Amino acid sequence: MRPMLQATTPTLPNPAPGPSAHDGAGPWTQGFAALGPDFTSPVGPSPLPAPYWVGRNDALAAQLGLPLDWSSSGALLETLTGNQWPEGGQQTASVYSGHQFGVWAGQLGDGRACSLGELAGQEVQLKGAGPTPYSRRGDGRAVLRSSIREFLCSEAMHALGIPSTRALCVTGSDAPVWREERETAAVVTRVAPSFVRFGHFEHFSHSGQHAQLRTLADYVIDHFYPACRTAEGADQPYVALLEAIAGRTAELVAHWQSVGFCHGVLNTDNMSILGLTLDYGPFQFLDGYQPDHICNHSDTQGRYAFYKQPNVAYWNLFCLGQALMPLIGEQEPAIAALETFKYRYPKALAARMANKLGFADPHENQRTLTESVLKLLAQEQVDFTIFWRRLSHWAAQMDTADTAVADLFLDREAATTWLADFRALHSASGTPGGAAVSTRMLRTNPKYVLRNHLGELAIRAAKNKDFSVLHQLQTVLSDPCAEHPEHDSWAGFAPDWAASIEISCSS
Ligand code: AMP
Ligand code: MG
């Protein structure tokens, strides 16, 4: 029996609006906060002393309509650290609930995130800007190390073509933040069309606030899934919504599995209704291919191990479906909508794997080839990114005398046999080795991913106020399939010390 929530959202007196100054951004619109006090609560500024820029994203700033010289604005630096309210905007935190590690956790909410409103149709959210009505026992802060990881990874994912929340900037302050040790504070400015999570729906459903549940579902449909209103059987737009979210989630997880991305904390409150990668915590790109890898040191049961991500996503969709039941009414259509995940996910994965193997579209015989190579990679924990990249180069000639791929394996015979099968499939499809196949693969299989140790290099330098590694990594990861020969070492095997990096939920 799940503990039922009290049907309340904290109602706090409105804090006096914080100081605001003309910072060159805007005009701001309200965005999600326009839904009213059942959904969001105002948050007053909790200033961080002497903020400084850590990382900035000019391309995203331009998309948001910020002035070219946005980063020279002291006022904007204050706004994006949460020290003042934006002119015409406000800081609000939203309420949501969720299942954490498979257990109903009750009310959570934005405990350290607050929205400033929308710019150019994108919700702009600060993470780490101080306590909110949903902070529970937390301090509302984020540390420099996790903020750098989120900043770099959001944009790295975007550049890989993987749906993700974006990151405009990171600002830092020398104010102490206590985790396992004394660290310093930072704020990431995140950007997305919406930060609504599965947990938002769970919140209003489990607390019996069904009118608000409907308002939320209608908001999501009208803004992001308008086709659900006109879908076949459109008297049930909420079923169509569930199916559409299942489809986006299937696409997302297929992307993750195809690049070796492990999210680390796939709780329902970290699942985006838009199918975006959301809430970067203890995530990791696999170095050696190890399907049962657990990237989160707090995940002692391995619930969120890499290979479990598709099943966990389905489980989370089931929670979303359950939350929508007061609107959907009958079980059958809801289950049918959820079932679509079971063919959407393999279909999406097949499309991703086809591209990785050099085919424009899934090949009817690619499945055996895919399964056998993943088995080989797993047997020897071969570096996932390096394998696909070397294979992409190898594909230009498909020459057995070129041993760059086979060299990655101890069982060279098995690797060579697989390469022959790979070549045979291409020959049979009329796409024998050649520049076109290789070029397609090189555009799909990145040379650079944000390996843990690369993030660590940027973090160590940034702790000494040297942001150059971060900036260089940002540049390389924004075009991860390009060669960037001057940064070849970042495309190499993870050094031994990478194994000692422990990433937990502490952030
Ligand atoms: P996460 O594991 O980061 O997805 O966070 C789970 C929940 O804990 C969310 O409601 C967060 O807002 C909240 N939370 C995490 N860290 C903090 C913190 N330092 N202060 C307040 N709330 C936090
Ligand atoms: Mg979260």
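Fair warning: this is a prediction, and the values are worked out from it, not measured in the lab.

A. Main features of the overall build of the protein chain. Each helix and strand in the protein chain was counted, giving 16 helices and 14 strands. Relative to the 2.2 N^0.38 estimate, which gives 23 Å for 507 residues, the radius of gyration of the protein chain is 23 Å and therefore close to what a compact globule would have. Principal-axis analysis of the C-alpha atoms places the extent of the protein chain at approximately 75 × 60 × 40 Å. Counting across all 507 residues of the protein chain, residues that qualify as buried make up 57%. The contacts in the protein chain between residues at least 6 apart in sequence include a share of 74% that link residues at least 24 apart. Surface summary for the protein chain: the accessible area is close to 20200 Å², and the carbon and sulfur share equals 52%. Separation of charge centres in the protein chain, based on 37 positive and 50 negative side chains, amounts to 2 Å.

B. Representation of the site of ligand 1 in the model. Around ligand 1 sit 16 residues, and of these Gly109, Gly111, Arg136, Asp139 and Gly140 come closest. For ligand 1, an oxygen atom lies 2.7 Å from a polar atom in the backbone of Gly109. Here an oxygen atom of ligand 1 sits 2.9 Å away from a polar atom, N or O, in the side chain of Arg136. Surface burial for ligand 1 is 80%, taken as the share of its 480 Å² of free accessible area covered by protein chains. Residue composition of the shell around ligand 1, by class: two nonpolar, seven polar and seven charged.

C. Representation of the coordination of the magnesium ion (ligand 2). The protein atoms donating to the magnesium ion (ligand 2) are Asn270 (OD1) and Asp279 (OD), with metal-donor distances spanning 1.9 to 2.1 Å. The pair Asn270 / Asp279 is uniform in exposure class, with both members buried.

D. The arrangement of the side chain of Asp110 in detail. Tracing the backbone shows Asp110 in the loop between β7 (103-107) and β8 (113-119). For the buried Asp110, no salt bridge is present, and the opposite-charge side chain at shortest range is Arg197, 4.4 Å distant. From its side chain, Asp110 meets the backbone nitrogen of Ser94 in a polar contact 2.7 Å long. Aside from chain neighbours lying at most four places away, what touches Asp110 is Ala93, Ser94, Tyr96, Gln125, Thr132, Tyr134 and Arg197.

E. Summary view of the pattern of salt bridges. Following the criterion strictly, the structure yields 21 salt bridges and no others. Put simply, Glu155 and Arg166 hold a salt bridge, and the shortest N to O gap is 2.8 Å. With Glu155 in helix α3 (residues 144-159) and Arg166 in strand β11 (residues 166-178), this pair connects stretches of sequence that are eleven residues apart. For the pair Glu155 and Arg166, a shared accessibility class is recorded, and that class is buried. A network of salt bridges, in which partner residues are shared, links Lys127, Glu150, Arg190, Arg197 and Asp279.

F. Geometry of the packing of aromatic side chains. Enumeration over the complete set of coordinates arrives at 23 aromatic pairs. Consider the rings of Phe384 and Trp388, whose centres lie 6.2 Å apart with planes at 75 degrees: the pair is edge-to-face. Residue Phe384 and its partner Trp388 are located together in helix α12 (residues 384-394), separated by four residues, close to a single helical turn. Ring centres 5.1 Å apart and planes at 75 degrees place the aromatic pair Phe387 and Trp388 in the edge-to-face group. Neither residue differs from the other here; Phe387 and Trp388 are each classed as buried. Each member of the aromatic cluster is reached from another via a ring pair, and the members are Tyr289, Phe306, Phe384, Phe387, Trp388, Trp394, Phe409, Trp418 and Phe422. Here Arg460 stacks its cationic end above the ring of Trp497, 4.6 Å away from the centre of that ring.

G. α3, seen in detail. The end-to-end C-alpha separation of α3 is 23 Å, in line with the 22 Å expected for 16 residues at 1.5 Å each. For α3, a buried count of 13 out of 16 residues is recorded, marking the element as mostly surrounded by other parts of the structure. Within two residues after α3, Gly161 carries a phi angle of roughly 80 degrees, on the positive side.

H. View of the pairing of β11. Of all 13 residues in β11, ten are buried, a share of seventy percent or more. With four bridges connecting them, strand β3 (residues 52-56) and β11 associate as antiparallel partners. Bridging across to β11, Gly55 finds its partner in Val170. Here β11 pairs with strand β12 (residues 182-192) via ten bridges, running antiparallel.

What counts and how
Residues numbered from 1 in each chain as written. Chains lettered and ligands numbered in written order. Predicted model: local features only at pLDDT ≥ 70, side-chain atom pairs only at ≥ 80, totals over all residues. Heavy atoms only, no water. Helix = DSSP H or I, 4+ residues; strand = E, 2+ residues; numbered from the N terminus. Rg over C-alpha atoms; globule rule 2.2 N^0.38 Å. Buried < 20%, exposed > 50% of the residue type's maximum accessible area, 1.4 Å probe, protein only. Contact = heavy atoms within 4.5 Å. Areas by Shrake-Rupley, 256 points an atom, 1.4 Å probe, with all protein chains shown as cover. Lys, Arg positive; Asp, Glu negative; His and termini not counted. Charge placed at Lys NZ, Arg CZ, Asp CG, Glu CD. Near = heavy atom within 4 Å. Polar contact = N/O pair within 3.5 Å; in protein donor to acceptor, adjacent residues only side chain to side chain. Nonpolar A, V, L, I, M, F, W, Y, C, P; charged D, E, K, R; others polar. Donors = N, O, S within 2.8 Å, 3.2 Å for Na, K, Ca; no water. Salt bridge = Lys/Arg side-chain N within 4 Å of Asp/Glu carboxyl O. Phe/Tyr/Trp six-rings, centres within 6.5 Å; stacked < 30°, edge-to-face > 60°. Lys NZ or Arg CZ within 6 Å of the ring centre and 35° of its normal. Expected span 1.5 Å × (residues − 1). Pairing = 2+ DSSP bridges.

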